[in-house]
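One letter stands for each residue in the lines below.
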Amino acid sequence: MTSRPHELRAQSAPGTFLSSRYIVRATGASRALIEPLDYTAFFRLEFAPVLRTIELMLRDHGRAEEVTQDAFIQLLLHWPKISRYERPDAWVRRVAIRLALRTLRRDRLWQLVRGALLPKAPDRPSRFDVDGAIRQLPGSQRAAIVLHYYEDRPTAEVAVMLGCSESTARVHLFHARRRLAQLLGEDDRVI
Amino acid sequence: MSFDRRLRQELQRDADQIVPDVERNLGAVEARAHHRASLGSPALLGAAVVIAIAIVWRFGASPPTTGGPGSSGSATSSPSLVPSASPSYDAIAGTYMVTLDTANSTVSKYALGGAWTMRLASDGEIFLSPPASFGSGTSSLSGIAFAIAADRFRNNIFYNDYCSSIGTYTWSIHSGRLAFAPVEENCPIRQALLSTTPWRTGP
């Protein structure tokens, strides 16, 4: 497997290492000049991985771009403060995930509210691929699946990202995995 | 191939197909942030106007507002600053607070005791702030919504967390207090939160 998406780093120029927080320029054998990372450099480093995670959750490129942009707008508006955090990349990722969850929950509520007003479609058996199966999951479960299986995060980090306890994150993962296995006709006992 | 491996591979494959145009998005973010920042002063002015209207409305003669047919227009006598919202949404939109007493057995059972704040937005969104003592990692709850039809108030508070369905209530506002009564509800914690005590109008 390739490196974890949230650990991506870029080599921006010879002698310059771009981390999620600083530009480190080698100035000698043992010295380095550490400069605060500017917003534009941070954006170029982090936007794509955050967008990928959000799009895997929302399964809609246009809305994923909108949500990710919203998170980076919040970051830009608070950049002087957030850029001093230990992990501004984690901050913007958390904001984006919570905005995506809000979008999914709102969609689900409207479906429920409108569903009560419309005649119910007859149930019919469906065959799902992974994309279609993930679309059947509630927001928290989608997020847990993407963070655990795509970003390769342990449940403790999934919990931090979702703003819930570790046991709740574990429950989200358990239900999501079981539901996906049902939809995909897989045996969910195999780990 | 194991199920977990299949999930990892297919998610990775989906992710590999996402090739964002970073520079276009950077331009869009900077433009939208600039637009938002430039709206700062008018937004403050707008907020001041809203507060002034609310004060006039509050201290003027205002009959009780309920969601019932024929009564929803009473609270819309103030000019709407959200033209897209329907009159009934404007009638209920606002900030409400309630302090739930742990002496109540239902409140105590679900650890709901303390001061709750709920903001109902004109676009149907609910912003719910629980007391610090409620649960873990729930300093604020978001992504909640409501819908109104006549005197019915449907909402998804605690959906996915403690409730598996949405709840339907009747609502009414009398003397600055918003009261809910369950009509169709099978989630006791949400019912305890909404209907144990009427919510008083907040600042």
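Look up a bit, the structure's there.
Since the model is a prediction, treat every value here as computed from it, not as a measurement. (Residues numbered from 1 in each chain as written. Chains lettered and ligands numbered in written order. Predicted model: local features only at pLDDT ≥ 70, side-chain atom pairs only at ≥ 80, totals over all residues.)

Student: Help me understand the overall build of chain A, please; the structure alone is not making it clear to me.
Tutor: The helix and strand inventory of chain A stands at 8 helices and 4 strands. Its helices and strands taken in sequence order, chain A reads β-β-β-β-α-α-α-α-α-α-α-α from the N to the C terminus. Relative to its full complement of 191 residues, chain A shows a buried share of 37%. Sequence separation of at least 24 residues holds for 56% of the intrachain contacts in chain A that already meet a minimum separation of 6. (Helix = DSSP H or I, 4+ residues; strand = E, 2+ residues; numbered from the N terminus. Buried ≥ 20, exposed ≤ 12 C-beta atoms within 10 Å, placed from the backbone. Contact = placed C-beta atoms within 7 Å.)

Student: What am I meant to see in the overall build of chain B here?
Tutor: Within chain B, the regular secondary structure consists of 6 helices and 9 strands. In chain B, which comprises 203 residues, the proportion classed as buried is 21%. Considering only contacts within chain B whose residues lie at least 6 apart along the sequence, 43% involve residues at least 24 apart.

Student: Honestly, the nonpolar core in this entry has me stumped. Any pointers?
Tutor: Buried together is how nonpolar side chains tend to be arranged in soluble globular proteins. With 47 residues, the main nonpolar core has Ile-54, Ala-71, Phe-72, Ala-96, Ala-100 and Val-146 of chain A as its most contacted residues. Breaking this core down by element, the ones donating at least two residues are helix H1 (39-58), helix H2 (61-77), helix H4 (88-115), helix H5 (130-135), helix H6 (139-150), helix H7 (155-162) and helix H8 (166-184) of chain A together with helix H1 (3-16) of chain B. Element by element, the count of residues in this core is highest for H1 of chain A, at 10 residues. Setting aside chain neighbours within four positions, we find Ala-100 of chain A in contact with Ile-54, Met-57, Leu-58 and Val-67 of chain A. Listed in part, the 26 residues of the second largest apolar core include Leu-100, Leu-120, Phe-146 and Leu-194 of chain B. (Core = buried A, V, L, I, M, F, W, Y, C linked by C-beta atoms within 7 Å.)

Student: How should the interface of chain B and chain A be read in this particular structure?
Tutor: Every contact between the two is made by 31 residues of chain B and, on the other side, 39 residues of chain A. Looking at the side of chain B that touches chain A, the element that brings in the most residues is H1 of chain B, giving 9 residues. Considered class by class, the residues forming the side of chain B that touches chain A number 15 nonpolar, 9 polar and 7 charged. (Nonpolar A, V, L, I, M, F, W, Y, C, P; charged D, E, K, R; others polar.)

Student: Hey, could you run me through unusual backbone geometry in this one?
Tutor: Across residues other than glycine, the phi torsion is negative in most instances, and most of the peptide bonds are trans. Backbone geometry places Asp-152 of chain A, a non-glycine residue, at a positive phi of 60°. Position of Asp-152 of chain A relative to the elements: it lies in the loop between H6 and H7. Phi at Ala-111 of chain B takes a positive value of approximately 55°, unusual for a residue other than glycine. Structurally, Ala-111 of chain B can be placed in the loop between helix H5 (105-109) and strand E3 (114-120).

Student: In this structure, what is going on with the environment of Ile-134 of chain A? I would like to understand it.
Tutor: Residue and element names in this part refer to chain A. For Ile-134, the location among the structural elements is in helix H5. For Ile-134 and Ile-145, which are 11 residues apart along the polypeptide, the C-alpha to C-alpha distance reads 8.6 Å. Ignoring sequence-local partners within four residues, the contact set of Ile-134 consists of Arg-59, Arg-142 and Ile-145.

Student: Before we go on, may I ask you to explain the packing of H7 of chain A against H8 of chain A in this structure?
Tutor: Residue and element names in this part refer to chain A. For the pair H7 and H8, the least separation of the axes is 8 Å and the interaxial angle reads 100°. As the angle between them shows, H7 and H8 are arranged roughly perpendicular. Every residue of H8 that contacts H7 at Thr-155, Ala-156, Val-158, Ala-159 and Leu-162 is listed here: Glu-166, Thr-168, Ala-169, Arg-170 and Leu-173. Split into classes, the residues belonging to the contact of H7 with H8 amount to 6 nonpolar, 2 polar and 2 charged. (Axes fitted to C-alpha atoms, helices over the stretch in contact; angles between N-to-C directions. Parallel < 35°, antiparallel > 145°, perpendicular 65-115°, else oblique.)

Student: Please explain the packing of H1 of chain A against H2 of chain A as it appears in this structure.
Tutor: When two helices pack together, their arrangement is captured by the angle between the axes and the distance separating the axes. Residues and elements named next belong to chain A. Their axes nearest at 9 Å, the elements H1 and H2 cross at an angle of 140°. Judged by the angle between their axes, H1 and H2 are oblique. Two packed elements cross with a definite hand, and for H1 against H2 that hand is right-handed. Listed contacts from H2 to Tyr-39, Phe-43, Phe-47, Val-50, Leu-51, Ile-54, Glu-55 and Leu-58 of H1 are His-61, Arg-63, Ala-64, Glu-65, Val-67, Thr-68, Ala-71, Phe-72 and Leu-76. Residues of the contact of H1 with H2, tallied by class, amount to 12 nonpolar, 2 polar and 3 charged. (Left-handed = near helix turned anticlockwise from the far one by under 90°.)

Student: Is there a simple way to think about the environment of Val-130 of chain A in this case?
Tutor: Positionally, Val-130 of chain A belongs in helix H5. Given 19 C-beta atoms within a 10 Å radius, Val-130 of chain A is considered partly exposed. The spatial distance from the C-alpha of Val-130 of chain A to the C-alpha of Ala-181 of chain A is 9.7 Å, given a sequence separation of 51 residues. Non-local contacts of Val-130 of chain A, meaning those with residues more than four positions away in its chain, are made with Leu-184 of chain A together with Leu-7 and Glu-10 of chain B.

Student: Looking at this structure, how should I read the environment of Pro-131 of chain B?
Tutor: Tracing the sequence through the fold places Pro-131 of chain B in the loop between strand E4 (125-129) and strand E5 (141-149). With 20 residues separating them in the primary sequence, Pro-131 of chain B and Ala-111 of chain B have C-alpha atoms 9.9 Å apart.

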